[in-house]
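Notes for the structure review
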Amino acid sequence: MAAIELRGAVKRFGPITAVDGLDLEVPEGICLGLLGPNGAGKSTTMRLLTGQAIADSGKLRVLGHELPGDSKAARAEMGVVPQLDNLDVDVTVEDNLAVYARLYRVPDVGAAVDKALDLARLRGRRRDAVDKLSGGMRRRLLLARGLVHEPKLILLDEPTVGLDPQIRTELWTLIDNLRTRGTTILMSTHYIEEAERLADEVAVMDKGKIIARATPAELIAAHAGTHTAEIYGPPERLTEVRAIAEGQGLPVRPAGPAIAIVGSERAADGAVPEDAVIRAASLEDVFVLLTGAEAE
Amino acid sequence: MSAQPGRRLRRLEPAAIGGVMSREVANFRTYWKGTTFSSILEPIVYLLAFGLGLSATLVDEVGGVPYVQFVGTGMVATAVIFSSALPAMFGTFVKHRFQNTYDAILAAPVDVEELVSAEMLWIGLRASVYGCVPLLVTIGFGLDPAWGMLLVPIFCLFTALGFAGFGIAMAAIVAKIDQFNYVTALFVTPLFLVSGAFFPIDELPQGFQILAQLNPLHQLVELVRGGAFGYEAVDLLRVAGLVAFAFVMWRIAINRMEARLID
Ligand SMILES: Nc1ncnc2c1ncn2[C@@H]1O[C@H](COP(=O)(O)OP(=O)(O)OP(=O)(O)O)[C@@H](O)[C@H]1O
Ligand SMILES: [Mg+2]
C-alpha cells in the first residue's frame, strides 16, 4: 500500500485551478521531494492531504484512509511541519510539545515529550518560554512537535524556507535521520539543493500537475544529459552563442548573469566557446528547463 | 505510540476537546495575574464610584434594594460579557490570522467542531468564574449571602458560552481586526447598557423593554438578582432562554469557522 495516493485531484479557488488533475503516489518509506516554483500548488496539495482543503474532484487516500471522509483517522497517523512557525511563544518548550502529544492522543505524554526534547536537542531548555529560543532552536522544536506521536508519514511544507544556511543544514540532518528510520516523507521545496540532498525521488510540479518524476540522477540523465556549459559575457555575445547552440537543438537556459547550454557533451564543434565553464549537469538544469522558472 | 489501527474517531471526542483546552490553560498560566487583578479591581472601582457616588446624591434604592447592591448584582452580567465576547473575538482572530495556531491544531486529529467547542468551553468556564467576582465584592459591600447565589455560576456559564460563540463567529466573519469596532458599538455596548445592570429597564419606553427581553444579558441580570433576593417562576424560562442562546451560538460559531478554516 502506498502511503499517499492521489488520482486526478482537482482544487479550484474561484478562477484559479491550484491543483489540476494531480496524480501522485508516495510509496512507504521513501522521501519524495515535491519541487515546484511559486504558485505551483505545493501547499494546496499538502492542505488537501490534511483535510484543510477539500478537493473538487479526484480520489485521495492517505495511509489507507479515504479523504475527506476519513481524514481525521489519517491525521492521527501523520505529522505535519508547517512552513510558518506557529509555536505558542509565551509557553514553555515542554508545554508546547505536551499540548500536541495530547492532541495526537499519545498515551504517555511525559515520555513522548522527553523523546521529542531529545530529538530537538532541547532537553536543557524545556522550561524556557519559546520566545527565549534562538531561530534554529525554534525550528527544531517545530519539527519535533510534528513528530511527537512518532507518525508513519510526515508532511514538510518548505521546511527550511527563509532560514539561514546554518539552521538549514541542522534541519537537513534531522530530516535525514527520519528518513533513515523509515518514516515516509513528503517534502515540498523550491530549493534544489534540499531536494538533491534529501529526496529519494523528486516530483517536479508546475501549474497544479506533476510534469516529471524520478530519482535526481535519472531526471538529470533524462532531461539534461551529463554536462552543462556556462558562458559569461556581454548580452550580444550571449545572444550569439545561444543562437548557435539552439540551432544544434541544444536547450539553453538563463543562469543568473550567464547562460547555460545543457547537455553540452552533445554539442558539435563551435557551439561551446573555449572560455565556457563546463560542469556536471544538475537538478537545477532540469528544473529550469521543465518549469521555465529560475531556481533558487 | 501512534494511534492504534482501526480505532474509531468520532465527533466531539473528549481527548480532542481536552487537548485544545490544555493549550489555553498553558497560555493562561502566563497571563492570569493581570486578568484576575483587573477582574477584581474593576467591580470595586465601579461600586465605589457608581454606587456610593450616585446613592449619596441621586438614587438611594431601586425597588427596595440599596443601589450598591442593585449595581453590584448587575455587574455580574457586565463581567460575563467582557470576559467572554471580547476575548473570543480578539483571541480567535489573533490565533487564526496572526499566529496560525488553528492551522497547526487542525493538522492534528481535531475537527473544527471540536476546536470551536473547546474554545467556547474554556472561555465559558473562565468567564463564569470572573462573573462571580462582582457578586463576592458586593457581599463585601454589605449584600447578604443567599443560598440561591450558588446557581449564579451556572447562569454565567450558559451566558458566557453564548457570547463566546458569538465572538468566535464574529472573528470568522470580519475581514480585518478593526471591524470589531462595529461589532462592539452595534452589539456589545447596547446589550450591556440595556441589560438592567445599572438602571431598571421598566422605566424605559415599551419598545426597549421588548428588546431587553431578547437580551441574554438582561436575563442573566434578572437571574442573578433572583439568586440574591429570591427567584420567581419566570426564572425557569430565563434559564431556558440562556441555554437556547448558548446552543444557537455554538452551532453558528462552528458553521462560520468551518467556512473560514476549511478551503
Ligand atoms: N485560500 C486560497 N484562496 C485563493 N487562492 C489560493 C488559496 N490558496 C492558494 N491559492 C492559489 O493557488 C495557487 C497555488 O498556491 P499554493 O500555495 O498551493 O502554491 P505553492 O506551490 O505552495 O507556492 P509557494 O512556493 O509560493 O508556497 C496560487 O495561485 C495561489 O494564489
Ligand atoms: Mg507553499
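Residues numbered from 1 in each chain as written. Chains lettered and ligands numbered in written order. Predicted model: local features only at pLDDT ≥ 70, side-chain atom pairs only at ≥ 80, totals over all residues. Heavy atoms only, no water.

1. Some thoughts on empty space enclosed by the protein
Residue and element names in this part refer to chain A. Evaluation of the coordinates by the stated rule reveals one cavity of 30 Å³ or more. Empty space within the largest cavity amounts to approximately 40 Å³. If you trace the largest cavity, you find it lined by Val-81, Arg-139, Leu-143, Pro-159, Leu-171 and Ile-175. When residues of the lining of the largest cavity are traced back to their parent elements, those giving at least two are helix H5 (135–146) and helix H6 (165–181). (1 Å grid on protein atoms, 1.4 Å probe; cavity = no way out; pocket = protein on both sides within 12 Å on 5 of 7 lines; lining within 4 Å. Points joined across faces, edges and corners; volume = space filled by probe spheres on them. Helix = DSSP H or I, 4+ residues; strand = E, 2+ residues; numbered from the N terminus.)

2. Digging into the site of ligand 1
As a matter of local geometry, ligand 1 sits amid 14 residues, with Asn38(A), Gly39(A), Lys42(A), Ser43(A) and Thr44(A) nearest to it. Mapping the residues adjacent to ligand 1 onto the chains of the assembly identifies chains A and B. One of the side-chain N or O atoms of Asn38(A) is found 2.8 Å from an oxygen atom in ligand 1. In the model, an oxygen atom of ligand 1 is placed 2.8 Å from a nitrogen or oxygen of the Gly39(A) main chain. For ligand 1, whose accessible area on its own is 630 Å², the fraction buried by protein is 64%. If you list the elements that add at least two residues to the shell around ligand 1, you get strand S2 (16–27) and helix H1 (42–49) of chain A. Take the shell around ligand 1: its biggest share by element is three residues, from H1(A). Classifying every residue of the shell around ligand 1 gives five nonpolar, six polar and three charged. (Near = heavy atom within 4 Å. Polar contact = N/O pair within 3.5 Å; in protein donor to acceptor, adjacent residues only side chain to side chain. Areas by Shrake-Rupley, 256 points an atom, 1.4 Å probe, with all protein chains shown as cover. Nonpolar A, V, L, I, M, F, W, Y, C, P; charged D, E, K, R; others polar.)

3. With respect to the side chain of Ser282(A)
Secondary-structure assignment places Ser282(A) in the loop between strand S14 (277–280) and helix H10 (283–291). Apart from residues lying up to four places away in sequence, Ser282(A) is in contact with Glu196(A) and Ile220(A). (Contact = heavy atoms within 4.5 Å.)

4. A look at the interface of chain B and chain A
Of the residues lining the interface, 34 residues belong to chain B; the matching set on chain A comes to 31 residues. Approximately 3000 Å² of surface area, both sides summed, lies buried where chain B meets chain A, with 55% of it carried by carbon and sulfur atoms. Where chain B touches chain A, the interface holds nine salt bridges. Two residues, Asp111(B) and Arg75(A), come together in a salt bridge whose shortest N-O distance is 3.3 Å. Linking chain B to chain A there are 18 residue pairs in polar contact (both at pLDDT 80 or more). Elements with a contribution of two residues or more to the side of chain B that touches chain A: helix H1 (14–57) and helix H4 (101–107) of chain B. Top element by residues in the side of chain B that touches chain A is H1(B). It accounts for 10 residues. (Buried area = accessible area lost by both parts, 1.4 Å probe. Salt bridge = Lys/Arg side-chain N within 4 Å of Asp/Glu carboxyl O.)

5. Re the confidence of the model for chain B
Residues and elements named next belong to chain B. Averaged over every residue, the pLDDT of chain B is 91; residues scoring 70 or more account for 95%. When mean pLDDT is compared element by element in chain B, helix H6 (residues 152–173) scores highest at 98, while strand S1 (residues 61–62) scores lowest at 84. Confidence over residues 1–7 falls short of pLDDT 50; this stretch has nine contacts with residues more than four positions distant or in other chains. (pLDDT = per-residue confidence, 0-100.)

6. What to know about the state of the cysteines
Evaluation of the coordinates by the stated rule reveals zero disulfides over all chains. For the unlinked cysteine Cys132(B), the closest cysteine sulfur is that of Cys156(B), found at 4.9 Å. (Disulfide = S-S within 2.5 Å.)

7. A look at the pattern of salt bridges
Tallying each qualifying case throughout the model produces 42 salt bridges over all chains. Across the salt bridge formed by Lys132(A) and Asp131(A), the nearest N and O atoms sit 3.9 Å from each other. Given a relative accessible area of 59%, Lys132(A) falls into the exposed group. For Asp206(A), the salt bridge identified is with Lys207(A), shortest N-O distance 3.4 Å. Each of the salt bridges in this network shares a partner with another, and the network as a whole consists of Lys72(A), Arg75(A), Arg105(A), Glu13(B), Asp111(B) and Glu114(B). (Buried < 20%, exposed > 50% of the residue type's maximum accessible area, 1.4 Å probe, protein only.)

8. Description of the layout of surface pockets
In this approach, a probe sized like a water molecule rolls over the atoms, and the result shows the empty space that is left. Residue and element names in this part refer to chain B. For the largest pocket, the calculated volume is near 700 Å³. In terms of lining residues, the largest pocket is bounded by 37 residues, among which Tyr-31, Thr-35, Ser-83, Pro-87 and Arg-126 are the most central. Elements supplying a minimum of two residues to the lining of the largest pocket: H1, helix H2 (67–82), helix H3 (85–98) and helix H5 (112–140). Looking at which element gives the most residues to the lining of the largest pocket, the answer is H1, with 11 residues. Residues of the lining of the largest pocket, tallied by class, amount to 16 nonpolar, 11 polar and 10 charged.

9. Topic: the environment of Leu34(A)
Of note, Leu34(A) is situated in strand S3 (residues 31–35). Distance in space between the C-alpha atoms of Leu34(A) and Ser188(A) is 4.4 Å, their sequence separation being 154 residues.

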